[in-house]
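Residues per chain, in single letters:
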2 protein chains.
Amino acid sequence: MKDAIETHIPTYDDVLAAHARIAPYIHRTPVLTSQFMNELTGADLFFKCENFQKAGAFKVRGACNAVFGLSDDVAAKGVATHSSGNHALSLSYAAGRRGIPCHVVMPRTAPEAKKAAVRGYGGIITECEPSTTSREAVFAEVHARTGADFVHPYNDPRVIAGQATCSRELMEQVEGLEAVIAPIGGGGMVSGCCLTLSNIAPHVKIYAAEPEQADDAYRSFKAGHIIADDAPNTIADGLKVPLKENTWHFVSHHVTDILTASEQEIIDAMKLTWERMKIVMEPSCAVPLATIIKNPDVFRGKRVGVIVTGGNVDLDKLPWM
Amino acid sequence: MKDAIETHIPTYDDVLAAHARIAPYIHRTPVLTSQFMNELTGADLFFKCENFQKAGAFKVRGACNAVFGLSDDVAAKGVATHSSGNHALSLSYAAGRRGIPCHVVMPRTAPEAKKAAVRGYGGIITECEPSTTSREAVFAEVHARTGADFVHPYNDPRVIAGQATCSRELMEQVEGLEAVIAPIGGGGMVSGCCLTLSNIAPHVKIYAAEPEQADDAYRSFKAGHIIADDAPNTIADGLKVPLKENTWHFVSHHVTDILTASEQEIIDAMKLTWERMKIVMEPSCAVPLATIIKNPDVFRGKRVGVIVTGGNVDLDKLPWM
């Protein structure tokens, strides 16, 4: 049993292999700074802009690592997943680049812009109800019917190794980082940060930021074991999913703290970023900044990397409208 | 008379002096590309992102050149201007950096976000009606009362030389450009492009893009003399002002063509850019892309620089809301 679990935990060698494998299909995204944000928070913030990533989100890193690591035999049946949006988009993009089918189970409540984009990349959508229970039931049917390779949006070691390439780039782009903060839903990006930083920069603190209204990771972290909500409700729609065993491994071993923000704090931070930094990003990406503004003593005077995870927003349904 | 006019036309030496003078106060803004936009238009588009510029717009280049070129005696009385928004913001920023007062006459209909930002930089606002006539009358009173140095938003040679630094950077950042396109209102940015490109890259074609509903530059270009509208109406609020003699000099001598787009075409291009490129930009900035989409034969197969002029948008009044 011990061996079986260990095979699911990716290593830093897996990260290096992933980075070489996915490099032709992803952007090395820019790092932006803002004098306004630095003065507001008292910290030196370095925004790693995965909203400019292919398919509009960091998730293309993990998706490409999974898709391009498949043998030709397995790849022929395609890939399948369930996702709140960006993983669906990213897996469709990756499958399209390899020329294989991609089956996606998505909540019927997902933003129209994301559904249209999935179809634009050639993804085949089956809709489910917006709960973890429904999602898993509908997915089991699709998976059994197609025989496609299941690429979990975050609990898959190939996906975690792929996401870990983001913080590897960030460490190359910014010197002297003292902390990194990323939003946490299922924990794929945070696990990737843990995997990279615990290997190449173990002195860098790792913070996860979560909506108060979907704070299962926060409560899990405090309790010492996974606590999952079914169907939490937050504007940060990418962060509604619970931790799983592989991401819990990283979160429980390497995260310094998990900080939370209210819906209004998230919306205010999102609007402020659009206004002052002139970038389009999802509500999920605003959670880290919201928690930095809320907890100035934690970050003041520090050089902090902030992962801006994605930019796929339904512009007809902005949260301040 | 000939000599008097010639002293108002800046030279490329003025551009080089301006660039050295303003460098400490501005950003060298990035150039972004988009595979989606290239496939859509059939051209290779290079977006020069002045929406990421200090004070949120290219106008800070001309404003800084004017403010930091003043003698201490003149500077002591401050600077003054009238502006539809971004020049007001930029001059306030520049004056603030030099520690001198900045008096601004703004239309009462200007976006609230712009007024708040002017005040945030320390600018002193006097409101006028949204017409060229009212603007000039109110400004005359403010100017007489304060004795401040008048920095016209675009007809000032110091301003034109400052704006010209943008296309100088673009030519350093992108090899082999065959055309540059920028929005045209009063013609400050387009004149800057003409000044730079006619000196260092005279083979590069220069296009100006204008809203159909504020097409005075288009009609002037076709007629061969300045035609001005009083109070034109367009969503591209930065482009409502008419050409003046100094900008007309450059436009009439060096512009290849002026292309126009409807309000809906501008809004569609703006929303598409936000969705696919994940950048916040003003309606004015969408006019060039709208005209490229509308005139594919002009740009297909060419390497085209697109000036994204600014990102100061009232997020509570987006045109597709």
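Residues numbered from 1 in each chain as written. Chains lettered and ligands numbered in written order. Predicted model: local features only at pLDDT ≥ 70, side-chain atom pairs only at ≥ 80, totals over all residues. Heavy atoms only, no water.

Caption draft 1: Structural detail: the overall build of chain A. If you tally the helices and strands in chain A, you get 15 helices and ten strands. Its C-alpha atoms put chain A at 55 × 45 × 40 Å along the principal axes. For chain A, the residues scored as buried account for 61% of the 321 residues in total. Considering only intrachain contacts with a sequence separation of at least 6, the fraction spanning at least 24 residues in chain A is 73%. Side chains of chain A give 31 positive and 37 negative charges; the mean places of these two sets differ by 3 Å. (Helix = DSSP H or I, 4+ residues; strand = E, 2+ residues; numbered from the N terminus. Buried < 20%, exposed > 50% of the residue type's maximum accessible area, 1.4 Å probe, protein only. Contact = heavy atoms within 4.5 Å. Lys, Arg positive; Asp, Glu negative; His and termini not counted. Charge placed at Lys NZ, Arg CZ, Asp CG, Glu CD.)

Caption draft 2: Region of the structure containing unusual backbone geometry. Positive phi is not limited to glycine here, since A:Lys278 has a value of about 65 degrees. Turning to its location among the elements, A:Lys278 is positioned in the loop between α13 (263-277) and α14 (283-294). Note on A:Lys278: relative accessible area 6%, which makes it buried. A positive phi is found at B:Ala55, a non-glycine position, where the angle reads about 60 degrees. Considering the arrangement of structural elements, one finds B:Ala55 in the loop between β2 (44-49) and α4 (59-68). With a relative accessible area of 8%, B:Ala55 lands in the buried category.

Caption draft 3: Looking closely at the confidence of the model for chain A. Averaged over all residues, the pLDDT of chain A equals 94, while 97% of them reach at least 70. Here residues 1-7 of chain A is modelled with pLDDT under 50, and outside its nearest four sequence neighbours on either side it reaches zero contacts, counting other chains as well. (pLDDT = per-residue confidence, 0-100.)

Caption draft 4: Representation of the sheet that holds strand β5 (residues 124-128) of chain A. Residues and elements named next belong to chain A. Strand order in the open sheet made by the four strands is β5-β4-β3-β6, with parallel pairing throughout. Both outer strands of the open sheet, β5 and β6 (149-150), are each paired with one neighbouring strand and no more. Relative to β5, strand β4 (residues 102-107) runs parallel, the two being bridged by five bridges. Looking at the pairing, Val 105 lines up with Thr 126 of β5. (Pairing = 2+ DSSP bridges.)

Caption draft 5: Quick peek at the relation of the copies chain A and chain B. Superposition of chain A onto chain B requires a rotation of 180 degrees combined with a translation of 0.0 Å along the rotation axis, giving an RMSD of 0.0 Å. Given the turn and translation reported, the copies of this chain are related as if by a two-fold rotation axis. Closest approach to the rotation axis among the C-alpha atoms of chain A is made by A:Ile279, whose C-alpha sits 2.2 Å away. Counting the interface residues of chain A, we find that 100% of their copies in chain B are interface residues as well, pointing to one common contact surface. (Least-squares fit on C-alpha atoms with pLDDT ≥ 70 in both.)

Caption draft 6: Molecular detail of the pairing of strand β10 (residues 303-308) of chain B. All names here are of chain B. The buried fraction of β10 amounts to five of the six residues, a majority that puts the element mostly inside the structure. Examined bridge by bridge, β2 and β10 share six bridges and lie parallel to one another. When the sheet's bridge partners are listed, Asp 44 is paired in β10 with Arg 303. In the sheet, strand β7 (residues 179-183) pairs with β10 via three bridges, with the strands oriented parallel. Opposite Ile 181, over in β10, you have Val 306 as the bridge partner.

Caption draft 7: Local environment of the sheet that holds β2(B). Residue and element names in this part refer to chain B. Within the open sheet, the six strands sit side by side as β1-β2-β10-β7-β8-β9. Their pairing is mixed. Unpaired on one side and paired on the other, β1 (31-32) and β9 (257-261) mark the two borders of the sheet. For β1 and β2, the ladder comprises two bridges, and the chain directions are antiparallel. Considered in β2, the bridge of Leu 32 is made with Phe 47.

Caption draft 8: Examining the nonpolar core more closely. In terms of nonpolar packing, the biggest core is built from 78 residues, with A:Leu45, A:Trp274, B:Leu45 and B:Trp274 touching the most fellow members. Beyond its immediate chain neighbours, meaning those up to four positions away, B:Trp274 contacts A:Trp274, A:Val280, A:Leu315, B:Ile279, B:Val280, B:Met281, B:Val313, B:Leu315, B:Leu318 and B:Trp320. (Core = buried A, V, L, I, M, F, W, Y, C linked by side-chain atoms within 4.5 Å.)

Caption draft 9: Here's a closer look at the side chain of A:Thr247. Residue and element names in this part refer to chain A. Along the chain, the position of Thr 247 falls in helix α12 (residues 245-254). For Thr 247, a relative accessible area of 0% gives the class buried. Each residue touching Thr 247, except ones within four places of it in the same chain, is listed here: Tyr 154, Asn 155, Ile 160, Gly 186, Gly 187, Gly 188 and Ser 191.

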